[in-house]
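What follows is each chain in one-letter form.
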Amino acid sequence: PRDNITNAELVSALVSDRQRYLNEKPIIRKPDAIVISGDIVQGVALETPNAEVELAAQYAAALEFIGELTDRFVGGDRSRVVIVPGNHDIDWALSRSAMTIVQTIDYPKNLNTELFHPESLYRWDWKTRELFLITDAALYKRRMDAYWKFFESFYANTPNLLRVARDQSPNLFSLWDGRIGIAAFDSCHGNDCFAFQGLIPREVVARAQLDLLDAGGFGLLMAVWHHNVEGPPHRTDYMDIDIVRC
C-alpha cells in the first residue's frame, strides 16, 4: 500500500534495460522465455478488512503487468512464460478460517514431533503463542483459489502448452521447439498463514521426471520452484536441500 510505483514505470525500466543490453558489445540477446518464480503479489495480512477484495485487486494488477511484459519481451506468446506460486500467493484469511484453536489441555503429548511432520495438521502462532488445528480440509485446500484464478486467466486459450492446469504440481512446459522441458513445481505444500517453509513432496518430483520422459525428445530438463535452499529446513522461506538432490 505504501508503494506507488505503477506497472508502466516497472515495464518502462525493464524495456530500458533490454535496450541497453542490446547495445552492449558483444550484444546480450533478447530473452527467449520468462520465468516468474513465485510471490506474484504481496498478499494480505490477517485481520485486513475486505481481504478478498484486496487480494483480487493485487492479482488484477499482476495480471496486467505480466501480460504487458509478455507482449513486449516474448511477442505475446504466453506459452513462453513459466509461473509458479510463492508463499505470498496464499490467502491467509481463508487458511485461518479452516483452523480452530486447540485448548492447552488438548495439546498432543508429542507436540514438537507433530508440528514438524510434513503432513501435520497442527500450526503454531508465535505472535499469540496459540496452537491451531486444520479442521476444514476442503476450505484449507481453497487457500490458493485467488492464485489459481489468476493463473487460469493468464493461460486461457494459450496454444503450445505441454501440461498446464490449476491445482497441479508440477505444471509442465516445453520451450525452444521442444528441446527444453520444464517442471514448474509448487513448493508451497503445507504453506499457510502460520507455516512458511517450502516443501515439494518426493513423489511429486519422481512423477515429474516420469511425465517429462514420457513426453520425450527433450535435450535439457529444468525445474522451477519458489523457496530458497540456502538455509535450514522448516525455517521461513527455506526448503530442505535434500528435495533438490532428489
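Here is a short report on the structure shown in this document. Predicted, not measured: the structure shown is a model, and the values here were computed from it. (Residues numbered from 1 in each chain as written. Predicted model: local features only at pLDDT ≥ 70, side-chain atom pairs only at ≥ 80, totals over all residues. Heavy atoms only, no water.)

Quick look at the nonpolar core now. Core analysis: the biggest nonpolar cluster contains 35 residues, and Ile40, Ile66, Val81, Ile83, Tyr147 and Phe150 have the highest contact counts within it. Elements represented by at least two residues in this core include exactly helix H1 (7–22), strand S1 (34–37), helix H2 (51–73), strand S2 (81–84), helix H6 (145–155), strand S6 (171–175) and strand S7 (180–184). Ranked by the residues each element gives to this core, the list is headed by H2, at eight residues. Excluding its chain neighbours within four sequence positions, the residues that come into contact with Ile66 are Ile36, Ile40, Val81, Phe150 and Phe154. (Core = buried A, V, L, I, M, F, W, Y, C linked by side-chain atoms within 4.5 Å. Buried < 20%, exposed > 50% of the residue type's maximum accessible area, 1.4 Å probe, protein only. Helix = DSSP H or I, 4+ residues; strand = E, 2+ residues; numbered from the N terminus. Contact = heavy atoms within 4.5 Å.)

A complete count under the given rule lists eleven salt bridges for this structure. A salt bridge links Arg123 to Asp192, with the shortest nitrogen-to-oxygen separation between them at 2.6 Å. Within this pair, whereas Arg123 is found in strand S4 (residues 122–125), its partner Asp192 is found in the loop between S7 and helix H7 (202–215), the two being separated by 69 residues in sequence. Asp192 matches Arg123 in its accessibility class, with the two residues each being buried. When salt bridges with common partners are traced through the structure, they connect Arg142, Asp145, Glu152, Arg166 and Asp167 into a single cluster. (Salt bridge = Lys/Arg side-chain N within 4 Å of Asp/Glu carboxyl O.)

With that settled, consider the environment of Phe73. You can see Phe73 is positioned in helix H2. When its relative accessible area of 16% is taken as the criterion, Phe73 is described as buried. The spacing of Phe73 and Cys188 is 115 residues in sequence and 28 Å in space, taken between C-alpha atoms.

Time to look at the sheet that holds S7. Taken in spatial order, the three strands line up as S6-S7-S8 in an open sheet, and their pairing is mixed. In the strand order of this sheet, the two ends are held by S6 and strand S8 (220–224), each with one partner. Here the average twist between neighbouring strands, direction ignored, is 20°. Here S7 runs beside S8; their pairing, made up of five bridges, is parallel. The residue bridging Ile182 from the neighbouring strand is Met222, located in S8. The strands that H7 touches are S6, S7 and S8; relative to S7, the one it contacts most, it runs at about 150°. (Pairing = 2+ DSSP bridges. Axes fitted to C-alpha atoms, helices over the stretch in contact; angles between N-to-C directions.)

All chains considered together, the criterion is met by twelve aromatic pairs. Where Tyr147 meets Phe150, the ring centres are 6.0 Å apart and the plane angle is 50°; that geometry is what we call tilted. Residue Tyr147 and its partner Phe150 are both found in helix H6; the two are separated by three residues, about one turn of the helix. Residue Tyr147 shares its accessibility class with Phe150, and that shared class is buried. Between Tyr155 and Phe173 the ring centres are 5.9 Å apart and the planes differ by 50°, which places this aromatic pair in the tilted class. Of this pair, Tyr155 sits in helix H6 while Phe173 is found in strand S6, placing the two residues 18 residues apart along the sequence. For Tyr155, a relative accessible area of 6% puts it in the buried group. A cation over an aromatic ring shows up here: Arg18 above the ring of Phe73, its NZ or CZ 4.7 Å from the ring centre. (Phe/Tyr/Trp six-rings, centres within 6.5 Å; stacked < 30°, edge-to-face > 60°. Lys NZ or Arg CZ within 6 Å of the ring centre and 35° of its normal.)

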